[in-house]
Amino acid sequence: MTILYTAAATATGGGRDGRTASSDGRLDLQLSVPKSMGGNDGPGTNPEQLFAAGYSACFLGALRFVAGKEKAKLPENTSVTAEVGIGPRPDGTGFGLDVAIHVALPGFDQAQAEDLVAKAHIVCPYSEATRANLDLRVSVAV
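Below is a summary of the structure that appears in this document. Keep in mind that what you see is a predicted model, and the values were worked out from it rather than measured. (Residues numbered from 1 in each chain as written. Predicted model: local features only at pLDDT ≥ 70, side-chain atom pairs only at ≥ 80, totals over all residues. Heavy atoms only, no water.)

## Here we look at the environment of T20
Turning to step 1, where the next piece is worked out: Summarising the element assignment, T20 is placed in strand 2 (residues 17-22).
Turning to step 2, where the next piece is worked out: Separated by 66 residues in sequence, T20 and I86 place their C-alpha atoms 19 Å apart.
Turning to step 3, where the next piece is worked out: In contact with T20, other than residues within four places in its own chain, are A9, T10, A11, L27, D28, L29, L31 and L50. (Helix = DSSP H or I, 4+ residues; strand = E, 2+ residues; numbered from the N terminus. Contact = heavy atoms within 4.5 Å.)

Have a look at this one:
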């Protein structure tokens, strides 16, 4: 694989209750643990929110890429929402993620929308990285 871009970020402090920053300085965030995970629900973000933001943006990019190849124009109000849950794995050895991707493609018929989303799911590098590694559901609304 030819690498087109590499991002680097470093977490410091208390891990989930510290800071994370990118090597180029464009990202510098406080991290907080949600109350449901035993934290103080502070003002910072968390790894699940960051993963959801990255996955939704990446999947929308993949959808635009696929639509362009298929000569289909996506409306400006096309959206992708990623929900990322975390919880203990059934075997008790650690934690796992649960992900749902919700795609809104207004103006498309259901079959065409589902076809584009299925192709985007193949193209998206987040989907590829997580394939067969977590419970992922994809839904499409038109």
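## Description of the sheet that holds strand 3 (residues 28-30)
Pairing between the strands of a sheet is mediated by backbone hydrogen bonds and can be parallel or antiparallel.
Turning to step 1, where the next piece is worked out: Taking strand neighbours across the sheet as the criterion, the 3 strands line up as 1-2-3 in an open arrangement whose pairing is antiparallel. Sheet topology places strand 1 (9-14) and strand 3 at the edges, where each strand pairs with a single neighbour. Across the sheet, the mean angle separating the axes of adjacent strands is 15° when strand polarity is ignored.
Turning to step 2, where the next piece is worked out: The sheet contact formed by strand 1 and strand 2 spans 6 bridges and is antiparallel. In the strand pairing of strand 2, T12 is matched with R19. (Pairing = 2+ DSSP bridges. Axes fitted to C-alpha atoms, helices over the stretch in contact; angles between N-to-C directions.)

## So, the environment of V140
Turning to step 1, where the next piece is worked out: Mapped onto the fold, V140 is located in strand 6 (residues 135-141).
Turning to step 2, where the next piece is worked out: Spatially, the C-alpha atoms of V140 and K69 are 20 Å apart, while their sequence positions differ by 71 residues.
Turning to step 3, where the next piece is worked out: Not counting the four nearest positions on each side in its chain, V140 is found in contact with V103, Q110, A113, E114 and V117.

## Re the nonpolar core
Turning to step 1, where the next piece is worked out: Among the nonpolar cores identified, the biggest contains 24 residues, and F59, L63, I101, V103 and L105 are the most heavily contacted of them.
Turning to step 2, where the next piece is worked out: Every element with two or more residues in this core is listed here: helix 1 (47-69), strand 4 (79-88), strand 5 (95-104) and helix 2 (110-123).
Turning to step 3, where the next piece is worked out: Apart from residues no more than four positions distant in its own chain, I101 is found in contact with Y55, F59, V80, T81, A82, L136, R137, V138 and S139. (Core = buried A, V, L, I, M, F, W, Y, C linked by side-chain atoms within 4.5 Å. Buried < 20%, exposed > 50% of the residue type's maximum accessible area, 1.4 Å probe, protein only.)

## Describing the side chain of S56
Turning to step 1, where the next piece is worked out: In this fold, S56 is placed in helix 1.
Turning to step 2, where the next piece is worked out: If we ignore the near neighbours within four places in the chain, the residues touching S56 are V80, T81 and A82.

## Focus on the pairing of strand 1
Turning to step 1, where the next piece is worked out: For strand 1, the buried fraction is low: 0 of the 6 residues fall into the buried class.
Turning to step 2, where the next piece is worked out: What sits between strand 1 and strand 2 in their antiparallel hairpin is a turn of 2 residues, with G15 showing a positive phi close to 75°.

## Brief notes about unusual backbone geometry
Turning to step 1, where the next piece is worked out: The phi dihedral of K71 falls on the positive side, at around 60°, and the residue is not glycine.
Turning to step 2, where the next piece is worked out: Secondary-structure assignment places K71 in the loop between helix 1 and strand 4.
Turning to step 3, where the next piece is worked out: Take K71: its relative accessible area is 76%, and that puts it in the exposed class.
Turning to step 4, where the next piece is worked out: You will see that A132, though not glycine, has its phi angle at about 70°, which is positive.
Turning to step 5, where the next piece is worked out: Along the chain, A132 turns up in the loop between helix 3 (125-130) and strand 6.
Turning to step 6, where the next piece is worked out: What makes A132 exposed here is its relative accessible area of 79%.

## Digging into the pairing of strand 5
Turning to step 1, where the next piece is worked out: When strand 4 meets strand 5, the two strands line up antiparallel, connected through 10 bridges. Among the inter-strand pairings, G87 is bridged to a residue of strand 5, identified as G96.
Turning to step 2, where the next piece is worked out: As consecutive antiparallel partners, strand 4 and strand 5 are separated by 6 residues, and within that stretch G92 has a phi angle of approximately 75°, a positive value.
Turning to step 3, where the next piece is worked out: Inspection of the sheet shows strand 5 paired to strand 6 by 7 bridges, in the parallel sense.

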